[in-house]
Amino acid sequence: MTRYAPSPTGFMHIGGLYQALVAKKMANQTDGVFFVRIEDTDQKREIENGVTDIINSLKNYGIEPDEGMQDEENSVGEYGPYKQSMRKEIYQAYAKDLLAKGLAYPCFCTPEDLEQIRSNQEKAKERTGYFGKWTKCRNMPLEMAYDKIKNGESYIIRLKSPGNPDKKIKHKDAIKGSVDMPENDQDIVIIKSDGLPTYHFAHAIDDHLMGTNLVIRGDEWLPSVPLHLQLFYVLGFKTPKYAHIAPLMKTEDGGKRKLSKRKDPEAAVSFYKEEGIPKQSVKEYLMNIANSNFEMWRKQNPEKALEEFVFDLKKMGVSRSAF
Ligand code: GLU
């Protein structure tokens, strides 16, 4: 069971199509399910018809989701809603449970408080963030917090992180291999002041409830793995396997840089249609980037359908892929 979990914040990026293609291929190859979940907890960044645009782009390339959103409002599948803004009460129920167990707490810090903490940390040449001895609200007596809430003070909910950064977690990534990272000790925000969850909290709950056992996503999330494993742990969930995909890189002036939404027209999926490039060619090209042995397979099997190629996550580029 795997998924593609985009935020509807702009045009469909070729890197998104690449991730979805890989996820769909993995699901097909293992008799699994591929679903699409919309991660729209940052509502300021949302664009109109963003969901419909994503779904239509996927379908247009034959990357049909088995479950998930179909357009802005409707979905198919048994584990919905598949749009995070429609699941607010679910996240809040889990946050409440963590609060009751002392694994989370309300935080009343203002932007000025946070600035003060940061400046103290910088003066002390310490790591910055909201953790351990630097926190103001972590050990606030419950009655005091309760009074503040009753008085209408604005608050967020933070994780009471049980981590110790002197210890290492051993992460085995399906693409990157073994990666050791320090445990997380940041008391990250799990519920924001608007009542919506952060991505970190929401993805753990959704991937658990939706039965995801393989998370395929961009490697900008690799540094968050210690936090994510910790969230699964405090929530009492079994952790899924993670596969972190390296970004598509473009060569420019002899150097390499990430394919950019702003600078590169070829970053938009719509570009290929405008240029008259057949969909099948785009898919073949992406598969060739995903697994370099695809080229040889294609030469030996010119008549075969792309679906017959046996794709292997372990053969994906670890650090970058030349586009
Ligand atoms: N919404 C996240 C993104 O667009 C998804 C990360 C994930 O797949 O878990 O980057």
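Residues numbered from 1 in each chain as written. Predicted model: local features only at pLDDT ≥ 70, side-chain atom pairs only at ≥ 80, totals over all residues. Heavy atoms only, no water.

Examining the pattern of salt bridges
For the coordinates displayed, the defined rule picks out 21 salt bridges. Measuring nitrogen to oxygen at the nearest pair gives 2.8 Å for the salt bridge that ties Arg87 to Asp206. Within this pair, whereas Arg87 is found in the loop between strand 4 (75-76) and helix 3 (88-100), its partner Asp206 is found in helix 6 (residues 199-209), the two being separated by 119 residues in sequence. Take Arg87 and Asp206: they sit in the same class, and that class is buried. Salt-bridge contacts for Glu126 lead to Lys133; the nearest nitrogen and oxygen are separated by 3.7 Å. (Salt bridge = Lys/Arg side-chain N within 4 Å of Asp/Glu carboxyl O. Helix = DSSP H or I, 4+ residues; strand = E, 2+ residues; numbered from the N terminus. Buried < 20%, exposed > 50% of the residue type's maximum accessible area, 1.4 Å probe, protein only.)

A word on the site of the ligand
Around the ligand sit Arg3, Ala5, Ser7, Glu39, Tyr199, Arg217 and Trp221, and those are all the residues in its vicinity. The separation between a nitrogen atom of the ligand and a polar side-chain atom of Ser7 is 3.3 Å. Grouping the constituent residues of the shell around the ligand by class yields three nonpolar, one polar and three charged. (Near = heavy atom within 4 Å. Polar contact = N/O pair within 3.5 Å; in protein donor to acceptor, adjacent residues only side chain to side chain. Nonpolar A, V, L, I, M, F, W, Y, C, P; charged D, E, K, R; others polar.)

Thoughts on the nonpolar core
Taken as a class, soluble globular proteins show a tendency for nonpolar side chains to be buried jointly. Of all hydrophobic cores here, the largest spans 48 residues; its most connected members are Ile14, Leu17, Leu58, Phe311, Leu313 and Met316. Going through the elements one at a time, helix 1 (14-29), strand 2 (34-36), helix 2 (50-60), strand 10 (214-218), strand 11 (241-245), helix 9 (279-290) and helix 10 (294-300) are the ones with two or more residues in this core. Leaving out residues up to four positions away in the same chain, Phe311 has contacts with Val22, Lys25, Met26, Gln29, Met287, Ala290, Asn291 and Met316. With 21 residues, the next largest nonpolar core counts Tyr91, Ala95, Ile191 and Val234 among its residues. (Core = buried A, V, L, I, M, F, W, Y, C linked by side-chain atoms within 4.5 Å. Contact = heavy atoms within 4.5 Å.)

Things to note about the packing of aromatic side chains
The geometry of an aromatic ring pair comes down to the distance between the two centres and the angle between the two planes. Summed over the entire model, instances satisfying the criterion amount to 10 aromatic pairs. Within the aromatic cluster, the residues linked to one another by ring pairs are Tyr94, Phe232 and Phe237. Directly above the ring of Tyr130 sits Arg158, whose terminal nitrogen or CZ lies 3.7 Å from the centroid. The cationic tip of Lys261 hangs over the ring face of Phe11; the distance from NZ or CZ to the ring centre is 5.6 Å. (Phe/Tyr/Trp six-rings, centres within 6.5 Å; stacked < 30°, edge-to-face > 60°. Lys NZ or Arg CZ within 6 Å of the ring centre and 35° of its normal.)

A few points about the state of the cysteines
Under the definition given, this model contains zero disulfides. Free cysteine Cys107: the closest other cysteine sulfur is in Cys109, separated by 3.9 Å. There is no disulfide at Cys137, and the cysteine sulfur nearest it, in Cys107, is 3.9 Å away. (Disulfide = S-S within 2.5 Å.)

Some remarks on the environment of Phe11
Summarising the element assignment, Phe11 is placed in the loop between strand 1 (2-4) and helix 1. In this structure Phe11 comes out as partly exposed when scored by relative accessible area, which is 36%. Spatially, the C-alpha atom of Phe11 lies 30 Å from that of Glu308, the residues being 297 residues apart in sequence. In contact with Phe11, other than residues within four places in its own chain, are Asp53, Lys261, Ala267 and Ala268.

Quick word on the packing of helix 1 against helix 9
Contact geometry of helix 1 with helix 9 gives a least axis separation of 10 Å together with a crossing angle of 75°. On the basis of the axis angle, helix 1 is roughly perpendicular to helix 9. Where helix 1 abuts helix 9, its residues Ile14, Leu17, Tyr18, Leu21, Val22 and Lys25 lie against Val282, Lys283, Leu286, Met287, Ile289 and Ala290. Looking at side-chain class alone, the contact of helix 1 with helix 9 contains 10 nonpolar, no polar and two charged residues. (Axes fitted to C-alpha atoms, helices over the stretch in contact; angles between N-to-C directions. Parallel < 35°, antiparallel > 145°, perpendicular 65-115°, else oblique.)

Here's the deal with the side chain of Gln121
On the secondary structure map, Gln121 appears in helix 4 (residues 111-123). Residue Gln121 is classed as buried on the basis of its relative accessible area, which comes to 0%. Once you skip the residues sitting within four places of it in the chain, Gln121 turns out to touch Glu126, Arg127, Thr128, Gly129, Phe131 and Trp134.

Structural notes on unusual backbone geometry
Pro81 follows Gly80 through a cis peptide bond whose omega is -5°. Turning to its location among the elements, Pro81 is positioned in the loop between strand 4 and helix 3. At Asn49, a position not held by glycine, the phi torsion is positive, near 60°. By the element assignment, Asn49 lies in the loop between strand 2 and helix 2. Its relative accessible area of 46% is what places Asn49 among the partly exposed residues. Although it is not a glycine, Asp253 sits at a positive phi angle of roughly 50°.

Here we look at the sheet that holds strand 5 (residues 104-107)
Strand order in the open sheet formed by three strands is 5-6-9, and the pairing between neighbours is antiparallel. The sheet is open, and its two borders are formed by strand 5 and strand 9 (189-191), each paired with just one other strand. Between one strand axis and the next, the sheet turns by 45° as a mean value, whatever way the strands run. With two bridges connecting them, strand 6 (residues 156-159) and strand 9 associate as antiparallel partners. Within strand 9, the residue paired with Ile157 across the bridge is Ile191. (Pairing = 2+ DSSP bridges.)

Description of the packing of helix 3 against helix 6
Close contact between helix 3 and helix 6 brings their axes to 10 Å; oriented N to C, the two are set at 105°. On the basis of the axis angle, helix 3 is roughly perpendicular to helix 6. Packed against helix 3, whose contacting residues are Ile90, Tyr91, Tyr94, Ala95 and Leu98, the element helix 6 presents Phe201, Ala202, Ile205, Asp206, His208 and Leu209 at the interface. Grouping the amino acids of the contact of helix 3 with helix 6 by side-chain chemistry returns nine nonpolar, one polar and one charged.

Distances and angles like these do not, on their own, reveal function.
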